[in-house]
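# Descriptive structure summary
Take a look at the letters that make up each chain.
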Amino acid sequence: SENFLECKPAETSSTSDAEVEHLRRELQELRREKVRLDIELATAKSSEEYEALAAEANTMREECSSLRRWKIDAELQLERRNGQLDNLQSQVARGEQAAHELLTLRSANDELQVLNQRLQAQKSALEERAQGDEALRNELRELRLKKM
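The residue numbering used here restarts from 1 in each chain and proceeds along that chain's sequence as written. Thresholds applied to this predicted model are a pLDDT of at least 70 for local features of residues and 80 or more for the giving and counting of side-chain atom pairs; totals over whole chains, interfaces and linings are not thresholded and use all residues. Here the side-chain values reflect all heavy atoms present in the structure, with hydrogen atoms and water set aside.

A few words on the overall build of the protein chain. Only DSSP runs of H or I with at least four residues qualify as helices, and only runs of E with at least two residues qualify as strands; both kinds are numbered from the N terminus onward. A count of helical and extended segments in the protein chain gives two helices and zero strands. For the protein chain, the spread of C-alpha atoms along the principal axes amounts to about 195 × 50 × 20 Å. Buried means the residue's accessible area, taken with a 1.4 Å probe over protein chains only, is under 20% of the maximum for its type, while exposed means over 50%, and partly exposed covers the values in between. Within the protein chain, the proportion of its 148 residues that are buried is 0%. Carbon and sulfur atoms make up 56% of the accessible area of the protein chain, which totals about 14100 Å². When the 24 positive and 31 negative side-chain charges of the protein chain are each reduced to one mean point, those points stand 17 Å apart. Working definition of accessibility: Shrake-Rupley area with a 1.4 Å probe, residue cover restricted to the visible protein chains. The charge count includes Lys and Arg as positive and Asp and Glu as negative, but it does not include His or the ends of the chains. The atoms used to mark charge sites are NZ of Lys, CZ of Arg, CG of Asp and CD of Glu.

The following block contains the structure:
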(Lines give C-alpha, C1' and ligand atoms only; values in the text may rest on other atoms or scores of the structure.)
Protein backbone atom coordinates (compact mmCIF):
# COMPACT_ATOMS: atom_id res chain seq x y z
CA SER A 1 0.00 0.00 0.00
CA GLU A 2 2.94 2.33 0.59
CA ASN A 3 4.17 1.54 -2.90
CA PHE A 4 0.81 2.45 -4.18
CA LEU A 5 0.88 5.84 -2.42
CA GLU A 6 4.35 6.57 -3.64
CA CYS A 7 3.43 5.73 -7.24
CA LYS A 8 0.19 7.65 -7.09
CA PRO A 9 1.74 11.09 -6.46
CA ALA A 10 4.36 10.43 -9.13
CA GLU A 11 1.60 9.57 -11.61
CA THR A 12 -0.49 12.56 -10.57
CA SER A 13 2.55 14.81 -10.78
CA SER A 14 3.44 13.71 -14.34
CA THR A 15 -0.21 13.94 -15.40
CA SER A 16 -0.58 17.41 -13.97
CA ASP A 17 2.76 18.44 -15.58
CA ALA A 18 1.46 17.27 -18.95
CA GLU A 19 -1.82 19.10 -18.36
CA VAL A 20 0.04 22.24 -17.29
CA GLU A 21 2.26 22.01 -20.39
CA HIS A 22 -0.80 21.48 -22.56
CA LEU A 23 -2.57 24.46 -20.95
CA ARG A 24 0.60 26.56 -21.29
CA ARG A 25 0.70 25.78 -25.04
CA GLU A 26 -2.98 26.63 -25.41
CA LEU A 27 -2.46 29.88 -23.50
CA GLN A 28 0.51 30.73 -25.75
CA GLU A 29 -1.59 29.99 -28.83
CA LEU A 30 -4.43 32.16 -27.48
CA ARG A 31 -1.97 34.99 -26.81
CA ARG A 32 -0.65 34.74 -30.39
CA GLU A 33 -4.21 34.78 -31.73
CA LYS A 34 -4.99 37.82 -29.54
CA VAL A 35 -1.93 39.66 -30.88
CA ARG A 36 -2.94 38.77 -34.47
CA LEU A 37 -6.50 40.00 -33.83
CA ASP A 38 -5.19 43.19 -32.16
CA ILE A 39 -3.01 43.87 -35.22
CA GLU A 40 -5.91 43.11 -37.53
CA LEU A 41 -8.18 45.41 -35.54
CA ALA A 42 -5.56 48.18 -35.48
CA THR A 43 -5.00 47.95 -39.23
CA ALA A 44 -8.64 47.38 -40.16
CA LYS A 45 -10.09 50.04 -42.40
CA SER A 46 -13.21 52.01 -41.63
CA SER A 47 -16.06 51.85 -44.13
CA GLU A 48 -15.12 55.33 -45.43
CA GLU A 49 -11.51 54.21 -45.92
CA TYR A 50 -12.71 51.05 -47.64
CA GLU A 51 -15.01 53.04 -49.94
CA ALA A 52 -12.19 55.48 -50.72
CA LEU A 53 -9.87 52.56 -51.55
CA ALA A 54 -12.58 50.95 -53.69
CA ALA A 55 -13.13 54.25 -55.54
CA GLU A 56 -9.38 54.63 -56.05
CA ALA A 57 -9.18 51.05 -57.34
CA ASN A 58 -12.02 51.77 -59.81
CA THR A 59 -10.27 54.95 -60.94
CA MET A 60 -7.04 53.01 -61.43
CA ARG A 61 -8.90 50.31 -63.40
CA GLU A 62 -10.41 52.99 -65.65
CA GLU A 63 -6.99 54.63 -66.13
CA CYS A 64 -5.47 51.23 -66.89
CA SER A 65 -8.21 50.53 -69.42
CA SER A 66 -7.70 53.96 -70.96
CA LEU A 67 -3.93 53.35 -71.13
CA ARG A 68 -4.53 49.99 -72.81
CA ARG A 69 -6.74 51.67 -75.44
CA TRP A 70 -4.10 54.39 -75.90
CA LYS A 71 -1.41 51.71 -76.27
CA ILE A 72 -3.45 49.85 -78.91
CA ASP A 73 -4.06 53.13 -80.78
CA ALA A 74 -0.35 53.97 -80.56
CA GLU A 75 0.60 50.51 -81.85
CA LEU A 76 -1.83 50.86 -84.78
CA GLN A 77 -0.47 54.32 -85.55
CA LEU A 78 3.09 52.97 -85.33
CA GLU A 79 2.17 50.18 -87.75
CA ARG A 80 0.62 52.70 -90.15
CA ARG A 81 3.68 54.97 -89.87
CA ASN A 82 6.01 52.02 -90.46
CA GLY A 83 4.04 51.26 -93.63
CA GLN A 84 4.36 54.89 -94.70
CA LEU A 85 8.08 54.79 -93.90
CA ASP A 86 8.54 51.65 -96.01
CA ASN A 87 6.65 53.34 -98.86
CA LEU A 88 8.78 56.49 -98.56
CA GLN A 89 11.97 54.45 -98.45
CA SER A 90 10.88 52.75 -101.70
CA GLN A 91 10.24 56.16 -103.24
CA VAL A 92 13.65 57.37 -102.06
CA ALA A 93 15.31 54.31 -103.61
CA ARG A 94 13.48 54.93 -106.90
CA GLY A 95 14.40 58.64 -106.71
CA GLU A 96 18.06 57.80 -106.12
CA GLN A 97 17.99 55.42 -109.07
CA ALA A 98 16.36 58.09 -111.25
CA ALA A 99 18.95 60.66 -110.07
CA HIS A 100 21.74 58.25 -110.99
CA GLU A 101 20.19 57.67 -114.42
CA LEU A 102 19.81 61.45 -114.84
CA LEU A 103 23.48 61.98 -114.00
CA THR A 104 24.40 59.33 -116.56
CA LEU A 105 22.20 61.04 -119.18
CA ARG A 106 23.67 64.48 -118.34
CA SER A 107 27.17 63.10 -118.70
CA ALA A 108 26.26 61.55 -122.05
CA ASN A 109 24.60 64.84 -123.11
CA ASP A 110 27.73 66.80 -122.12
CA GLU A 111 29.85 64.42 -124.20
CA LEU A 112 27.44 64.83 -127.14
CA GLN A 113 27.54 68.64 -126.78
CA VAL A 114 31.36 68.58 -126.93
CA LEU A 115 31.24 66.27 -129.95
CA ASN A 116 28.63 68.54 -131.60
CA GLN A 117 30.85 71.59 -131.03
CA ARG A 118 33.80 69.77 -132.58
CA LEU A 119 31.68 68.75 -135.56
CA GLN A 120 30.38 72.35 -135.93
CA ALA A 121 33.97 73.61 -135.87
CA GLN A 122 35.01 71.01 -138.46
CA LYS A 123 31.98 71.91 -140.61
CA SER A 124 32.83 75.63 -140.41
CA ALA A 125 36.42 74.85 -141.30
CA LEU A 126 35.31 72.70 -144.22
CA GLU A 127 32.85 75.35 -145.42
CA GLU A 128 35.58 78.00 -145.26
CA ARG A 129 37.91 75.68 -147.08
CA ALA A 130 35.21 74.93 -149.64
CA GLN A 131 34.60 78.65 -150.10
CA GLY A 132 38.34 79.13 -150.46
CA ASP A 133 38.46 76.32 -153.01
CA GLU A 134 35.48 77.85 -154.80
CA ALA A 135 37.17 81.22 -154.85
CA LEU A 136 40.30 79.57 -156.29
CA ARG A 137 38.26 77.84 -158.95
CA ASN A 138 36.56 81.09 -159.86
CA GLU A 139 39.93 82.82 -160.03
CA LEU A 140 41.26 80.05 -162.24
CA ARG A 141 38.25 80.33 -164.49
CA GLU A 142 38.64 84.05 -164.75
CA LEU A 143 42.30 83.63 -165.56
CA ARG A 144 41.49 81.08 -168.19
CA LEU A 145 38.85 83.31 -169.65
CA LYS A 146 41.28 86.22 -169.74
CA LYS A 147 43.82 84.06 -171.48
CA MET A 148 41.45 83.14 -174.12
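From this point, things continue past the structure.
Scored from 0 to 100, pLDDT reflects the predictor's confidence in each residue. In the predicted model, the protein chain carries a mean pLDDT of 88, and 91% of its residues have values of at least 70. Confidence drops under pLDDT 50 across residues 1–10; counting only partners more than four residues distant or on other chains, this segment forms zero contacts. Residues count as neighbours in contact if any of their non-hydrogen atoms are within 4.5 Å of one another.

Here we come to the pattern of salt bridges. A pair is scored as a salt bridge if a Lys or Arg side-chain nitrogen falls within 4 Å of a carboxyl oxygen belonging to Asp or Glu. Under the criterion given, the structure shown has nine salt bridges. Linking Glu-21 and Arg-25 is a salt bridge whose minimum nitrogen-to-oxygen distance equals 3.8 Å. Taken as a pair, Glu-21 and Arg-25 lie in helix α1 (residues 2–43) at a separation of four residues, close to a single helical turn. Looking at Glu-21, the relative accessible area reads 31%, which means it is partly exposed. In this structure, a network of salt bridges that share partners links the residues Glu-21, Arg-24 and Arg-25.

Before going further, it helps to examine a nonpolar patch on the surface. Together, Leu-112, Leu-115 and Leu-119 make up an exposed nonpolar region whose accessible area comes to about 290 Å². Residue position: Leu-115 is located in helix α2 (residues 47–147). A relative accessible area of 42% means that Leu-115 is categorised as partly exposed. Exposure above 30% relative accessible area and the absence of a salt bridge qualify a residue for a patch, where like charges join within 9 Å and nonpolar side chains (Val, Leu, Ile, Met, Phe, Trp, Tyr) within 5 Å.

A separate point is the environment of Glu-101. Assignment of secondary structure puts Glu-101 in helix α2. In this structure Glu-101 comes out as partly exposed when scored by relative accessible area, which is 44%. On a C-alpha basis, the gap between Glu-101 and Glu-62 in space is 58 Å, while along the polypeptide they are 39 residues apart.

Looking at the element boundaries, Leu-30 is found in helix α1. Along the primary structure Leu-30 and Leu-143 are separated by 113 residues, whereas in three dimensions their C-alpha atoms are 155 Å apart.

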